[in-house]
Structure formats: structure tokens, C-alpha cells
Amino acid sequence: MTPHINAKDNAFAKLVLMPGDPLRAKYIADTYLENAELVSNVRNMFMYTGYYQGNKISVCASGMGVPSMGIYSHELFAEYGVEAIVRIGSAGSLKADLKNYEIVLANSTYSQSTTFRDTVLKDSPTTNVVYPDKELNDLILKNAKELNMNVHLERIITEDAFYTYQTAQDRVDISGGAVCVDMEAYGLFTVAEKLGKKASTLLTISDNIVTHESTTSEERQNSFNEMMKLALSLAKDFQ
């Protein structure tokens, strides 16, 4: 057990899928997993382990923002022996032609703030751009091709403030070409780098900052099924 996870030792699979929303974690467990067990529920941050097509996998909520992601990813990696975490979340599109429900795989993420990284990695040079694990990204792209799913491999931007005065174009320019906004990837990639683990981020576009098209909270919770199936397909590769 850790301060934020009350699961027993060996409660988690080698691969963890990590939505921000605890109810999205519950939806995935209820909809897709066989013999799903709720292994941790501290602060209602639901975490499940079960089987997808016969392969063990865990689904754990991270909460919102880099600090929350930093806590849960660190404890799963460092205390429970998790080898890989794939964040599966929603994102706001910065491009008019990147529509709702399209899937983005981050090949890098930019953060205007480096405070988290500077305090987590003692001797690492300050940088606004951090990266996922290339092997894990390549595996996701391979599985997407097998499932005939279209995935955009692009830079994203991780923001601390949900409500900001910056326009979509401001964020594109500042980040060096990001196509969408999330709030957790910078933290996940930093923790994985620190601990020598694998991490990736898959995002489904939930709203468009340019065109103002949006989805409801219920749709975000329950309707990102293509992204979920793609992430779940990785279970067979981590047995």
C-alpha cells in the first residue's frame, strides 16, 4: 500500500491504462474486462485489474492535472512494479480540421511550466518538451494499423490552466506546432523518464477550441470506444 493506493502487492498488471476520470475507468472495466476487480478506491480514484481477451491488464484513474498524474504514476511504477502506462484521455483540438472523436498519439508534449520536471528530476536540464517511449508508441501504431484505425501522431501541449486567455493559435505557436491540449502527459512522461519505465499518451478529441464544437461529459465518459479498444489491444504485448 501507498499513501494514495490501497491495493495489495501484485494487484496490478504490467500494463496500466490511465484515464483521468474515475468513472471512465469504471466504464472500461465494466464494458471490456473479464473478471474485473476493484483493487484500489482511495479518494474514489478507482483502479481495476482484469482480463481483456484473456490477457491481464489494469485500468487506473489519474485525476486531473500534472500533480495528480505525477502521484499515481510514480506510485504504480515505483511501488507496484508496473512497466508501462498509457494515458487515455480527452483533448481540446487546436486545429479546425482535427475533429471530435479523432485520435491523437503524442510524439512529444510541450509545457509552458517546467516546475514539475525541475523538482522531480534533480540533475536533468530544464526543458519544456518531453517525450513518450518510442517502442511503446511504435507498438500502438502497429496495433492501430491491424485494427484499421486512423491515428494522428503529433505534438501536444500540456497545460496547467484549464481556463486561459490564450487563443488556439497562441498555443500552437508557443508549443512549436501542437495540435491539441491535455493536462497530464508532461507529468507522466517525466515520471516514466525518472524511473526508467514506458509511457505513452492516446487522446480522443472531445472539443474544438477553434470551431467550438464540443461533447458532453457523458459522451466523454462513455463514447471514446475506439481509443479504448486500441489501448486494450496492447494487453497481449505485456504478459
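Thresholds, definitions, all that
- Residue positions are counted from 1 within each chain, in the order its sequence is given.
- Reporting of local features is limited, given that this is a predicted model, to residues whose pLDDT is at least 70; pairs of side-chain atoms are given and counted only at 80 or more, and all residues count toward the totals for whole chains, interfaces and linings.
- Excluding hydrogens and water, the side-chain values take into account all heavy atoms of the structure.
- By definition, any uninterrupted DSSP run of H or I lasting at least four residues is a helix, any uninterrupted run of E lasting at least two residues is a strand, and each is numbered from the N terminus.
- As defined in this context, the radius of gyration uses C-alpha atoms, and a globule is described by 2.2 Å times the residue total to the power 0.38.
- Each residue's exposure class comes from its accessible area (1.4 Å probe, protein chains only) as a fraction of the maximum for that residue type: buried when under 20%, exposed when over 50%, partly exposed otherwise.
- The contact criterion used is simple: two residues touch if any of their non-hydrogen atoms lie within 4.5 Å.
- For accessible areas, the Shrake-Rupley method is used with a probe of radius 1.4 Å. Any residue's cover is judged against the shown protein chains and nothing else.
- The term salt bridge refers to a side-chain nitrogen of Lys or Arg lying within 4 Å of a carboxyl oxygen of Asp or Glu.
- Working definition: a ring pair exists when centres of Phe, Tyr or Trp rings (six-membered ring for Trp) sit within 6.5 Å. Plane angles under 30 degrees give stacked, over 60 give edge-to-face, the rest tilted.
- Distance and chemistry together define a polar contact, namely a pair of N or O atoms within 3.5 Å, with one atom able to donate a hydrogen and the other to accept it when in protein, and with adjacent residues in sequence counting only for side-chain atoms on both sides.

J.: Is there a simple way to think about the overall build of the protein in this case?
T.: A count of helical and extended segments in the protein gives eight helices and 10 strands. Relative to the 2.2 N^0.38 estimate, which gives 18 Å for 239 residues, the radius of gyration of the protein is 17 Å and therefore close to what a compact globule would have. Seen through its principal axes, the protein has C-alpha atoms that stretch 45 × 40 × 30 Å. Taken over 239 residues, the protein has a buried fraction of 56%. Taking contacts inside the protein between residues at least 6 apart in sequence as the whole, the part at least 24 apart equals 76%. On the protein, roughly 10,700 Å² of surface is accessible, and the fraction owed to carbon and sulfur atoms is 48%.

J.: How should I be thinking about the pattern of salt bridges in this particular structure?
T.: Note that side chains of opposite charge can pair when their charged atoms are close. Scanning the model with the defined rule gives 10 salt bridges in all. Here Lys134 makes a salt bridge to Asp138, at a shortest N to O gap of 2.8 Å. Of this pair, Lys134 and Asp138 both sit in helix α4 (residues 134-146), four residues apart, which is roughly one turn of the helix. According to the relative accessible area criterion, Lys134 is exposed, its value standing at 60%. Classification of Asp138 by relative accessible area gives partly exposed; the value is 37%.

J.: Looking at this structure, I do not really get the packing of aromatic side chains. What am I missing?
T.: Here the distance between the centres and the angle between the planes together describe a pair of aromatic rings. Within the structure shown, the criterion is met by three aromatic pairs. Their ring planes at 80° and their centres at 5.0 Å tell us that Phe12 and Tyr80 sit as a pair that is edge-to-face. Separated by 68 residues along the polypeptide, Phe12 in the segment before β1 (15-18) and Tyr80 in helix α2 (residues 66-80) bring together distant segments of the chain. The exposure class of Phe12 is buried, given its relative accessible area of 6%.

J.: Explain the side chain of Ser206 to me, please; I cannot follow it from the model alone.
T.: For Ser206, the position within the fold is in strand β10 (residues 198-208). A polar contact of 2.9 Å, which involves the side chain of Ser206, links it to the side chain of Asp207.

J.: I would appreciate a short explanation of helix α1 (residues 22-32) in the present structure.
T.: Since there are 3.6 residues in each turn of an α-helix, residues three or four apart along the chain are aligned in direction. Among the residues of α1, Pro22, Arg24, Ala25, Tyr27, Ile28, Ala29 and Tyr32 are the ones counted as buried. Here α1 starts with a cap whose side-chain oxygen sits 2.9 Å from the backbone nitrogen of Leu23, and that cap is Asp21.

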